[in-house]
Amino acid sequence: MTWSELVERAFRENAEEQITSFLLREGPAVCGNDAARWRSLFTTCEGWRDAFQLWGEHAFVSGVHGWNLYMNVCRLRPPEEQPPDWTRYLHRMTLMMVVCGLEPAERNSMATWEYGRFDAIGTFYCAGPEYGGYESLTGEQWLREAGGLLEQSWRRYRKFPGNSSRYQRTMEEHYPRLEAALDYLSEHTGTCDVVRMHRHGGDETVWYFARAQDCVYIMYISDSM
């Protein structure tokens, strides 16, 4: 199967439902309000990160369509088993990125909620019909899209920097971090097949899945209100 077919088979037209089903099979769905079991899921995700992540970066900057643009990107080892179970792998790796991208306070709140845990995770995967779907890209197109968003964000920030000195210090730190991340990707990705899930412009989180010769890159960009 092509890379596009593998990604689409993993998430289909209802990525939120696919990841919920994955949690029902392998996660803490049956434990009700048992916070310890949810914390065990977080520990499991950290274990996946330690086992698979080769490099990563995440930071937020001024939004383009919403308040803040958040980018999370990882370089990952490919699946170990042969033949690879790409659906299980992509579910695990995206869930790892979502969970490990949460602040400790956010994880604690999720663990102690009686309701809404699946919604909190599912919002990273859901998309309305206007912004859903898949598109195959080259590596150059992928990085051009991500770089273009960062440029738009920077122009918007320069026009409306806000009045908070703390926010301005954060932006002065985060813009160089994301620029360095894109430089890293430009230097290391080489020839790769890329699939984008969802489209920019709405509240949807947009995912990029890139398969290179010896690794996998996954990026998600959230630019919502």
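Re the pairing of strand β4 (residues 193–197)
Here β4 lies mainly inside the structure; four of its five residues are buried. For strand β3 (residues 134–138) and β4, the ladder comprises five bridges, and the chain directions are antiparallel. Within the sheet, the bridge partner assigned to L137 lies in β4 and is V194. Direction of pairing for β4 relative to strand β5 (residues 205–211): antiparallel, over a ladder of five bridges. Among the inter-strand pairings, V194 is bridged to a residue of β5, identified as A210.

Digging into the pattern of salt bridges
Two side chains that carry opposite charge are able to pair once their charged atoms sit near each other. Following the criterion strictly, the structure yields six salt bridges and no others. The residue E46 makes a salt bridge to R107 at a minimum N-O spacing of 2.6 Å. A residue pair is termed long-range when its members are at least 10 positions apart, and E46 in helix α3 (residues 35–52) and R107 in helix α5 (residues 104–112) qualify at 61 residues. On the accessibility criterion, E46 (27% relative accessible area) is partly exposed. For R107, a relative accessible area of 14% gives the class buried. E135 is the partner of R196 in a salt bridge, and the nearest nitrogen-oxygen pair spans 2.6 Å. Of this pair, R196 sits in strand β4 while E135 sits in strand β3, and the two are 61 residues apart along the sequence. Given a relative accessible area of 6%, R196 falls into the buried group. Through salt bridges that share partners, E57, E173 and R177 make up one connected network.

The rules behind each value
- Residues numbered from 1 in each chain as written.
- Predicted model: local features only at pLDDT ≥ 70, side-chain atom pairs only at ≥ 80, totals over all residues.
- Heavy atoms only, no water.
- Buried < 20%, exposed > 50% of the residue type's maximum accessible area, 1.4 Å probe, protein only.
- Helix = DSSP H or I, 4+ residues; strand = E, 2+ residues; numbered from the N terminus.
- Pairing = 2+ DSSP bridges.
- Salt bridge = Lys/Arg side-chain N within 4 Å of Asp/Glu carboxyl O.

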